[in-house]
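Geometric and topological summary
Chain residues, written in single-letter form:
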Amino acid sequence: MRLTRYFLPTMKETPAEAQIASHRLMLRAGMIRQASAGIYSWLPLGYKVLKNIERIVHEEQQRAGAIPVMMPTIQSADLWRESGRYDAYGPEMLRIKDRGDRDMLYGPTNEEQITEIAKAGLKSYRDLPVNLYHIQWKFRDEVRPRFGVMRGREFLMKDAYSFDIDRENAERSYNRMFVSYLRTFERLGLKAVPMRAESGPIGGDMAHEFLILAETGESEVFLDRTLADLTLGERGLDYADDAEMAAIRGDWTASYARTEDEHDAAAFEAEVPEERRVTARGIEIGHIFYFGTKYSEPFGASVVNAEGASVPLHGGSYGIGVSRLVGGIIEASHDDKGIIWPESVAPFQVAVVNLKQGDAESDAACESLYERLGAMGIEVLYDDRNERAGGKFATVDLIGCPWKVVVGPRGLKEGTVELGNRRTGETENLSADALVNRLAAQFGHG
Ligand code: P5A
């Protein structure tokens, strides 16, 4: 993409209304624009990041056996009356009437809707397990929408729903999602810690929240430091191996980690030696629930078991805050110049900065690099504006491209261009060919 052909409304000034770094940076980098309180338009740069996150979430959900579907945003109130949640959900639910005066709502979540689908489509224990998911906009009329996309009213969620014959099997489904969340968040460059949490309005007796530690987090958390160092790394995962899944969940839940509502000060002190006790703040990026037959019973969603008896489905639901993740990743990865994207979600992998736009040699070198890198499938932003070098550097640092290629007459005279790494700040002068080879190897085109 050529910057002169792009839509990147960056701001130099720090917007007064933004209280935390990610909100400030998303506005300054021209990623979002507020439409009304807690409701945002996603501008080109922000939309690209959102799509990159979605892609990773889709891949990891499907690896873990979940099947993509798409349910509507608008639901009928009758569906929610069946579960008893229409009244219970309270003022957070956006209630609408259609032209026929029927009560409708903008879905805050989809347990009811998916249970109705499961009821119609699942007949026998042989049809199980099934896990259906979508990535769809939700609306919750939060009392205090704040921090930009972190606590929005309209937000994008990945929500998956599992159906099993009994609790034991449902727990296997739960474990697969648990493990896939660890992998998903690591791929997004995040260190997420699963914590025992309350189940709230979704219900059930088993729930974990996945949180990243950040000073600006809305939840207070208590954990054993050892958990903050655990990683899956490159290890292979066999989602069909129930024992492996249970063992991984076991490893990640062996030490104390709880959110405020579940915290027990006496247990914390008894279980965790003082030097490993961490009290911190966290951003909730995922939340998973096992709620048994809470929805299947009122809906009469049952299947025939191996003995021929009709039994209610056992369900769980599994959420990821996809739009919140954009803010969460920035909270975890920025400096005073701007955003530092992990390569997996960066809107552009490489920024090419032409130090002297209009200089025939610099222009030709930039065009050639832009073509060659683009031909390898690398997303390149070419800053071809007629602007001073300082302004160009400020823009590419702000928007956080992992790699920066600086091209100017002085280097070209020596036969080199400069490659810089946004995270480490390291730079290196090398020939255009060597640079293309380096980036080809970096992005797996070697
Ligand atoms: C799980 C999937 C649920 O709604 N039903 C379907 C269950 N869980 S949850 O914890 O309430 O939400 C799941 C994740 O969505 C994100 N989230 C939000 N993101 C931005 N703004 C909000 N107002 C908001 N509310 C929830 C969180 O990441 C949460 O973990």
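Refer to the structure above for everything that follows.
Nothing here was measured: the structure is a model prediction, and the numbers come from that model. (Residues numbered from 1 in each chain as written. Predicted model: local features only at pLDDT ≥ 70, side-chain atom pairs only at ≥ 80, totals over all residues. Heavy atoms only, no water.)

1. Structural notes on empty space enclosed by the protein
Stated precisely, the cut-off is as follows: Here a cavity means grid points, on a 1 Å grid over the protein atoms only, where a 1.4 Å probe fits yet cannot get out; a pocket means an open set of points with protein on both sides within 12 Å along at least five of seven lines; lining residues are those with an atom within 4 Å of a point. Grid points are joined across faces, edges and corners, and a volume is the space filled by probe spheres set on the points. Secondary structure elements follow DSSP: runs of H or I no shorter than four residues count as helices, runs of E no shorter than two count as strands, and numbering proceeds from the N terminus. Nonpolar residues are Ala, Val, Leu, Ile, Met, Phe, Trp, Tyr, Cys and Pro. Charged residues are Asp, Glu, Lys and Arg, and all others, Gly as well, are polar.
One pass over the structure, following the stated rule, counts 3 cavities of 30 Å³ or more. As a volume, the largest cavity reaches approximately 60 Å³. Looking at the largest cavity, the residues that line it are Gly 38, Ile 39, Tyr 40, Trp 42, Trp 137, Val 149, Gly 152, Glu 154, Phe 155 and Ser 323. Taken together, the elements giving at least two residues each to the lining of the largest cavity come down to strand S2 (39–42) and strand S8 (154–164). At 3 residues, S2 tops the list of elements feeding residues into the lining of the largest cavity. Tallied by class, the residues present in the lining of the largest cavity amount to 6 nonpolar, 3 polar and 1 charged.

2. Brief notes about the sheet that holds strand S23 (residues 427–430)
Under the convention used in this document: A pair of strands counts as paired when DSSP detects no fewer than two bridges linking them. Each axis is a line fitted through C-alpha atoms, and for a helix only the stretch in contact is used; angles between axes span 0 to 180 degrees, taken between their N-to-C directions. Contact criterion: two residues are considered in contact whenever any of their non-hydrogen atoms come within 4.5 Å of each other.
The mixed open sheet is built from 5 strands, whose spatial order is S20-S19-S21-S22-S23. This sheet does not close on itself; its edge strands, each paired only once, are strand S20 (380–383) and S23. Strand after strand, the sheet turns through a mean of 20° between neighbouring axes, direction not considered. Pairing of strand S21 (residues 403–407) with strand S22 (residues 417–421) involves 4 bridges; the strand directions are antiparallel. When the bridges of S22 are listed, Lys 404 appears paired with Gly 420. Where helix H12 (residues 360–375) meets the sheet, it contacts strand S19 (350–354), S20, S21 and S22, and its direction lies at approximately 170° from that of S20.

3. Some remarks on the site of the ligand
As a reminder of what qualifies: If even one non-hydrogen atom of a residue comes within 4 Å of a molecule or strand, that residue is called near it. Polar contacts here mean pairs of N or O atoms no more than 3.5 Å apart (in protein, one a potential hydrogen donor and the other a potential acceptor; neighbouring residues in sequence count only if both atoms are side-chain atoms). All accessible-area figures derive from a Shrake-Rupley calculation using a 1.4 Å probe, and residue coverage is judged against the displayed protein chains alone. Each molecule is checked against the cavity or pocket grid, and it sits inside if more than half of its atoms lie within 2 Å of the grid points.
Neighbouring the ligand are 23 residues, the closest being Glu 111, Arg 140, Glu 142, Gly 152 and Glu 284. In the model, an oxygen atom of the ligand is placed 2.5 Å from a nitrogen or oxygen of the Glu 284 side chain. Between a nitrogen atom of the ligand and a side-chain N or O atom of Arg 324, the distance comes to 3.5 Å. Within the complex, the protein chains bury 95% of what would otherwise be the 600 Å² of accessible surface of the ligand. The cavity where the ligand resides is the largest pocket. Elements supplying a minimum of two residues to the shell around the ligand: S8, strand S13 (277–292) and strand S16 (314–321). With 5 residues, the single largest contributor to the shell around the ligand is S13. By residue class, the composition of the shell around the ligand is 9 nonpolar, 7 polar and 7 charged.

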